[in-house]
Amino acid sequence: MYSFRRLCTWLCGGACVLLACSPDDLTRQLDACADAVTRLEFVQGHDTTVLTKAGEQWLVNHGRPAGAERLFDWWRVMLNWQLRPLAVDEAVKRKIAAQVAREGIHTAVFTKRRSRPLLSFHISSIAHTGTVVRYGEQLFLADLSYAGYKVMEACSAKPEFWKDATIFSYLPLDMDTVRVEHLNRPEASFRLIRNGTEWQPVAPDRTRAAYRNNEALINRYVTYFRQVAADAIIDTPPASTLAEARQHLQHRISIKSAKGNLTVELFGIPLAAGEGYDTDKCILFIVETKEWARGSWVYFDLLLRDLNDFVDKK
């Protein structure tokens, strides 16, 4: 399995163009020790993210796994950005340095052999200047040689930026039972019970179905659970927000499997003046992990079928 360092080098052709940097620059130090890095820390204002390597995974604040794409983008930037000294007069340089330290993201890189960081720097996007990196007393402008991607797009101190937002990740044979509850339309709720490779749709209050199954639709439906993600996993909302959300529970999806159970509740977001619900976004709660998430209805609509959908109408 490729390390992030090898994968970034392969995709970017090993390009690491540095202009006017010293031999012990940021990129070369990180490149030399990339495979030994075990912890990354990002701090900005009230936000803190600690990424810790655990086996083949990276964990966000010792909890949910980090998104592989986020990590890949960060490594790609760090190993391939271009740095050049910021050429301004001393008064302006001092002003920018203070702003970067005050408002920027403090980044620290640790290896398993060191208690102190291998690298420590601040990075910030400064209006009318660009992306500025403060490394010790030096200031650099940072960018990438390929257009369409900005350095700061790969950097954040917010935990939700880094967390893998996967909600469901099940193959059909991983699941034993799928239960979908429509709180506002109980008659449309259903269970799917697996028997070998076949699935039986059942009303919630019954143990057997009384109609022919639409097997093609059922087999297609259970494949939807292979990969379903929220927009972002978020920290616990304020108590007032939670109390409001609890009043708008609309659906519940439960999976039972040998790998463990998973229950996800979906809440509608009421529009102003009682004019119905947002048809684009929703709030999710993962019961087993007690995590909240922001979601898009479009990613969950395929899972929110009705019992009658599974009836063969021929």
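Above: the structure in question.
Before going into details, it helps to say that this report is about the structure given with it. (Residues numbered from 1 in each chain as written. Predicted model: local features only at pLDDT ≥ 70, side-chain atom pairs only at ≥ 80, totals over all residues. Heavy atoms only, no water.)

The subject of this paragraph is the overall build of the protein chain. Each helix and strand in the protein chain was counted, giving eight helices and 18 strands. For the protein chain, buried positions account for 45% of its 314 residues. For the protein chain, the exposed surface amounts to about 17,000 Å²; the carbon and sulfur share of it is 51%. (Helix = DSSP H or I, 4+ residues; strand = E, 2+ residues; numbered from the N terminus. Buried < 20%, exposed > 50% of the residue type's maximum accessible area, 1.4 Å probe, protein only. Areas by Shrake-Rupley, 256 points an atom, 1.4 Å probe, with all protein chains shown as cover.)

To continue, consider the layout of surface pockets. Space inside the second largest pocket adds up to approximately 320 Å³. Along its surface, the second largest pocket is lined by 18 residues, and Gly 67, Arg 70, Phe 161, Lys 163 and Ala 165 are the ones closest to its centre. At the level of secondary structure, the elements contributing two or more residues to the lining of the second largest pocket comprise α3 (68–80), α5 (159–162) and β14 (232–234). Ranked by the residues each element gives to the lining of the second largest pocket, the list is headed by α3, at four residues. Taken together, the residues of the lining of the second largest pocket break down into eight nonpolar, three polar and seven charged. (1 Å grid on protein atoms, 1.4 Å probe; cavity = no way out; pocket = protein on both sides within 12 Å on 5 of 7 lines; lining within 4 Å. Points joined across faces, edges and corners; volume = space filled by probe spheres on them. Nonpolar A, V, L, I, M, F, W, Y, C, P; charged D, E, K, R; others polar.)

This brings us to the pairing of strand β5 (residues 105–111). Among the seven residues that make up β5, six are buried, leaving the element largely enclosed by the rest of the structure. In terms of strand pairing, strand β1 (residues 37–44) meets β5 through six bridges, oriented antiparallel. The residue bridging Phe 42 from the neighbouring strand is Thr 107, located in β5. In the sheet, β5 pairs with strand β6 (residues 119–126) via five bridges, with the strands oriented antiparallel. Its bridge partner being in β6, Val 109 is matched across the sheet by Leu 119. (Pairing = 2+ DSSP bridges.)

Moving on, we get to the sheet that holds β6. The strand order β3-β2-β1-β5-β6-β7-β8-β4 describes an open sheet built from eight strands, whose pairing is antiparallel. Looking along the sheet, the strands with just one partner apiece sit at the ends: β3 (57–60) and β4 (82–85). Put simply, the sheet's adjacent strands are angled 25° from each other on average, direction ignored. The pairing of β6 with strand β7 (residues 130–135) spans five bridges and is classified as antiparallel. Bridge pairing in β7 links Ile 126 to Gly 130. Against the sheet, α3 makes contact with β1, β2 (47–54), β3, β4, β5 and β6, and its axis sits at roughly 90° relative to β1, the strand it touches most. (Axes fitted to C-alpha atoms, helices over the stretch in contact; angles between N-to-C directions. Contact = heavy atoms within 4.5 Å.)

The next subject is the pattern of salt bridges. Tallied over the entire structure, the rule returns 18 salt bridges. Here Arg 134 ties to Glu 137 by a salt bridge, and the two come within 3.7 Å at their closest N and O atoms. Overall, the relative accessible area of 71% leaves Glu 137 in the exposed class. With a shortest N-O distance of 2.8 Å, Arg 294 and Glu 160 are connected by a salt bridge. Here the residue Arg 294 occupies a position in strand β18 (residues 291–296), and Glu 160 occupies one in helix α5, the gap between them amounting to 134 residues. The class for Glu 160 is partly exposed, based on a relative accessible area of 30%. (Salt bridge = Lys/Arg side-chain N within 4 Å of Asp/Glu carboxyl O.)

With that settled, consider the packing of aromatic side chains. With the rule as written, the count across this model stands at 13 aromatic pairs. Consider the rings of Phe 42 and Trp 162, whose centres lie 4.9 Å apart with planes at 20°: the pair is stacked. Here Phe 42, found in strand β1, pairs with Trp 162, found in helix α5; they are 120 residues apart in sequence, far enough to count as distant. Of the two residues, Phe 42 and Trp 162, both sit in the buried class. Centroid distance Tyr 221 to Phe 225: 5.6 Å. Interplanar angle 80°. Geometry classified as edge-to-face. Across this residue pair, the class does not change: Tyr 221 and Phe 225 are buried. Members of the aromatic cluster, each reached through a chain of ring pairs, are Phe 168, Phe 190, Tyr 221, Tyr 224, Phe 225 and Phe 310. Across from the ring centre of Phe 110, 3.8 Å away, lies the NZ or CZ of Arg 39, which sits over that ring. Sitting over the face of the ring of Phe 161, Arg 70 holds its NZ or CZ atom 3.9 Å from the ring centroid. (Phe/Tyr/Trp six-rings, centres within 6.5 Å; stacked < 30°, edge-to-face > 60°. Lys NZ or Arg CZ within 6 Å of the ring centre and 35° of its normal.)

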